[in-house]
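What the coordinates show
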Amino acid sequence: MKEKRNGRVDIWLVAILLLSVFLNFYNIGNAGSNVYYTAAAKSMTANWKAFFFASLDPEGFITVDKPPVALWFQALSVAILGVSDWSVLLPEAIAGVLSTWIIYFIVKPIFGRGAALWSSLIFACTPIFVAVTRTNNIDSILIFTLLAATWALMKSIHKQKISWLLVSFALVGVGFNMKMLQAYMVLPAFYLFYFLASKAIWKKRIKHLSVATAILVAISVSYAAIADSIPKDKRPYIGSSQTNSVFELAFGYNGVGRLTGEAGPGGNHQFNRNVPNTNSQTNAQNEKQGNRPSGIPPQGVPNMNSSSTQGGKDSSDVSPRGMPNMNPEQMGKKFGPNGGQDPGRMGGIGGETGDPGLLRLFNKQMAGQISWLLPFVLFSMIGLIVSIRKQRAFTLPHQFTVFWLAWLIPMMVFFSIAGFFHRYYLSMMAPAIAVLVAIGSVILWEFYKEKKDWSQWLLPFAFLATFIFEAYVLFQHRSSVNIVWILCIALLGFAIFAFMVAFRHKEKASYYTKIAGMIGFLIMPFYWSTTPVLYGGNSVIPYAGPDLKPSGQHGDRMMGRGMEGEADSSLIEYLEKNYSGEKYLAATFRANTAAQIMLKTDKAVMAMGGFLGSDPVLTPEKLEQMVKKGEVKYFLISGFGGGGETNNELVQWIQQNCKEVPQEEWQNSQSSDEQQPFGMDRAEKLYKYEG
């Protein structure tokens, strides 16, 4: 990882990598983790079946909602180091540093050492990339894989060898087996660049790309084909699919569902399904009258079916659809260390990304995560067009720039119109923005030095526009950013612009002004990047920004730590005390509830409804068979329980055939006060099958 220059170590590259190490590694042992993936990584170390399928539980009842490849690295880390936040975050942190390193070697052969160093530095300081790298969400490993594919693609052009092209597309196929169609977002850039940059005749280029596509498809579908070909009773249920199929998961929940919003809040897979009343007497009366239970919440559980949001708009006074009322007074101060932002902006529940539209990437929720330098990217694109016209040639540096534009623009379009995604998905844009800013500064600097026509003004105005936009982003966060910073960034932009104009005929002075400008517009992105390091982040739905700073309010951090916290120790003690050799210690509907318990015990817990609690895994008849065979006898039902008609029927079966365990036997009053989120006292009910 040491780049040598004339026999010497490149100190600047080492410094950038050390910065990346600090941002990605510092205190990650206390950063928390997404229990959903942590429990899966632990389970995957139990046996090869769980390892291959990325099973949530060691018995292989249901998988997580992603293919297994990225999680294999976390499982291997757990096998070596044991189960901890540190062990599951380690592969992601390593991938973050390696991504910073490999960008240097992608850019240097075409644009030189300076642009390569700036690319790595800008990438390392991208807020949302730092935030996601400090969690065990698997985007960091995916991005490194795609950057490795990019490096191989560039090698195929430098060496003019098809073998490197095949390696490149094969790595994208591996990426598909990490996060499915998200890996394919870079393919337009890959196809376009090879077709433009290859020296082979156009027929051979098409042939080469066809062979590469065949390898891409073969590797992409390899896991799905193997998994779906195995009899369904011999493998885990494919989590978050509706038909127990990896292919359906790829193109449904993890594909079209993201674009249309069906995979998110308000979609067919979320909490807006009816939850039946858990009061057995009421159910019995309904059945006698010929009525099915319809959306009445369990006794003591807040209404889960209220649709309070309108158009997915941000509001701190209303609850997102399918969630209980979450006004701060009801929640109290007992959840989530430190504060955050108002509940209306909590990650993944409605206000996380704002409304779809042309300016979505520039709204308050998104701009601070990824968009700081987009104005400079725009000027870089203008510079590319001007350079092509001036040179009257379409050179490899031009083609290289087009590659990164083809990487970035489709993602910008998707994230502007998609119905559902989390902010940390924006980290996919980080490599393209970093490289385009770095190489754009090279192109615009050449125009500035020439002093021939209007193009000499592109660089000064690029700086001015970027600083003004950064001041606007800070203004959006004026409730958590001192107005002095807003003024300083704006004034710095005008100062850089003025000096660039004044020093037009003094190359050395203008060069140092350019360096000062690039350092200057990294100040705020760097600060944003340090917020998860300094204040702690959201381990489930990561983001960066001053809202993470403790303020006594409730927000994203509460969401990450409150809903994904530790299981009730009294419950686990009761279950283990009364365990008599069943296959599953207990059964829940939602995977996160099962995961919390499994992280505190070595026994399997059955997540009957998968991640969202609504997967149609079981029928009442199948559940009855399992119970009678002695595979499970305890059922934990909460306010976030099942969803969908099938799981409503499971709840009814449990109510009718099992006996409720008095709460005082498995949950002391102190744990009840501490563990129940959102003021849902006595929301959880434990049932026991007694035969």
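A few words now on the overall build of the protein chain. Regarding its fold elements, the protein chain presents 28 helices and seven strands. In the protein chain, which comprises 691 residues, the share counted as buried stands at 59%. Counting contacts in the protein chain only where the partners sit at least 6 residues apart, residues at least 24 apart contribute 72% of the total. As displayed, the protein chain offers around 26600 Å² of accessible surface, 59% of which is attributable to carbon and sulfur atoms.

Where charged atoms from two side chains of opposite charge come close, those side chains can pair. Enumeration according to the criterion identifies 12 salt bridges in this entry. K66 is paired through a salt bridge with D65; the nearest N and O atoms lie 3.4 Å apart. A single burial state applies to K66 and to D65, both of which are buried. A single salt-bridge network, built from bridges that share partners, covers K390, E450 and D453.

Once that is clear, we can look at a nonpolar patch on the surface. Together, V217, V221, F247 and F251 give the surface a local cluster of nonpolar side chains, amounting to about 310 Å² of exposed area. Those elements that provide at least two residues to the nonpolar patch are α10 (202–229) and α11 (246–260). Among the structural elements, V217 can be located in helix α10. Of the residues examined, V217 reaches a relative accessible area of 41% and is grouped as partly exposed.

Attention now moves to the pairing of strand β5 (residues 634–637). Here β5 shows no split at all, with Y634 and L636 on one side and F635 and I637 on the other all buried. Strand direction decides the pairing type here: β5 and strand β7 (residues 685–688), joined by four bridges, are antiparallel. Looking across to β7, one finds that L636 is bridged to L686.

Let us now look at helix α18 (residues 458–476). A rise of 1.5 Å per residue sets the reference length of α18, with its 19 residues, at 27 Å; its end C-alpha atoms lie 27 Å apart and thus fit the reference within 8%. Extensive coverage of α18 is indicated by the burial of 14 of its 19 residues.

Bringing the packing of aromatic side chains into the picture now. In this structure the tally under the stated criterion is 43 aromatic pairs. Ring geometry for F52 versus Y223: centroids 5.5 Å apart, planes at 55°, classification tilted. Taken together, the residues F52 in helix α3 (residues 48–53) and Y223 in helix α10 connect sequence positions 171 residues apart. For Y223, a relative accessible area of 8% translates into the label buried. Measuring from ring centre to ring centre gives 5.6 Å for F499 and F503, while their planes differ by 10°; the resulting arrangement is stacked. Taken together, the aromatic side chains of F111, F169, F190, Y191, F193, F400, F403, W404 and W407 make up a single cluster linked through ring pairs. Over the ring of F475 we find R478; its NZ or CZ atom is 4.1 Å from the centre of that ring. Above the face of the Y579 ring, K603 is positioned so that its terminal group lies 5.0 Å from the ring centre.

On to the packing of helix α9 (residues 187–197) against helix α16 (residues 396–417). Relative to each other, α9 and α16 sit at 165°, their axes nearing to 8 Å. Classified by the angle their axes make, α9 and α16 are roughly antiparallel. Seen from above, α9 lies across α16 with right-handed handedness. Of the residues in α16, those touching α9 at P188, A189, F190, L192, F193, L196 and A197 are L396, Q399, F400, V402, F403, A406, W407 and P410. Classifying every residue of the contact of α9 with α16 gives 14 nonpolar, one polar and no charged.

Helix-helix packing is characterised by the crossing angle of the two axes and by the distance between the axes. For the pair α18 and helix α19 (residues 483–502), interaxial distance at closest approach is 8 Å and the crossing angle is 175°. For the element pair α18 / α19, the angle class is roughly antiparallel. Residues L459, P460, F461, F463, L464, F467, I468, E470, A471, L474 and F475 of α18 touch α19, and the partners they reach there are W485, I486, I489, A490, L492, G493, F494, I496, F497 and M500. Taken together, the residues of the contact of α18 with α19 sort by class into 19 nonpolar, one polar and one charged.

With respect to the helices and strands, the residue L192 is situated in helix α9. The class for L192 is partly exposed, based on a relative accessible area of 35%. Linking L192 and A406, residues 214 residues apart in sequence, is a C-alpha distance of 7.8 Å. With residues near it in sequence (within four places) discarded, L192 still touches V402 and A406.

Counting residues in each nonpolar core, the largest one holds 183 residues, and the members touching the most others are L56, F400, W404, W407, M606, L623 and F635. In terms of residue count, helix α5 (residues 85–124) provides more of this core than any other element does, 20 residues in total. Setting aside its immediate chain neighbours within four residues, L623 contacts M606, M608, L618, F635, L650, W653 and I654. In this structure, A227, L249, A250 and F420 belong to the second largest nonpolar core, which totals 14 residues.

Rules and cut-offs
Residues numbered from 1 in each chain as written. Predicted model: local features only at pLDDT ≥ 70, side-chain atom pairs only at ≥ 80, totals over all residues. Heavy atoms only, no water. Helix = DSSP H or I, 4+ residues; strand = E, 2+ residues; numbered from the N terminus. Buried < 20%, exposed > 50% of the residue type's maximum accessible area, 1.4 Å probe, protein only. Contact = heavy atoms within 4.5 Å. Areas by Shrake-Rupley, 256 points an atom, 1.4 Å probe, with all protein chains shown as cover. Salt bridge = Lys/Arg side-chain N within 4 Å of Asp/Glu carboxyl O. Patch = residues over 30% accessible without salt bridge, like charges linked within 9 Å, V, L, I, M, F, W, Y side chains within 5 Å. Pairing = 2+ DSSP bridges. Expected span 1.5 Å × (residues − 1). Phe/Tyr/Trp six-rings, centres within 6.5 Å; stacked < 30°, edge-to-face > 60°. Lys NZ or Arg CZ within 6 Å of the ring centre and 35° of its normal. Axes fitted to C-alpha atoms, helices over the stretch in contact; angles between N-to-C directions. Parallel < 35°, antiparallel > 145°, perpendicular 65-115°, else oblique. Left-handed = near helix turned anticlockwise from the far one by under 90°. Nonpolar A, V, L, I, M, F, W, Y, C, P; charged D, E, K, R; others polar. Core = buried A, V, L, I, M, F, W, Y, C linked by side-chain atoms within 4.5 Å.

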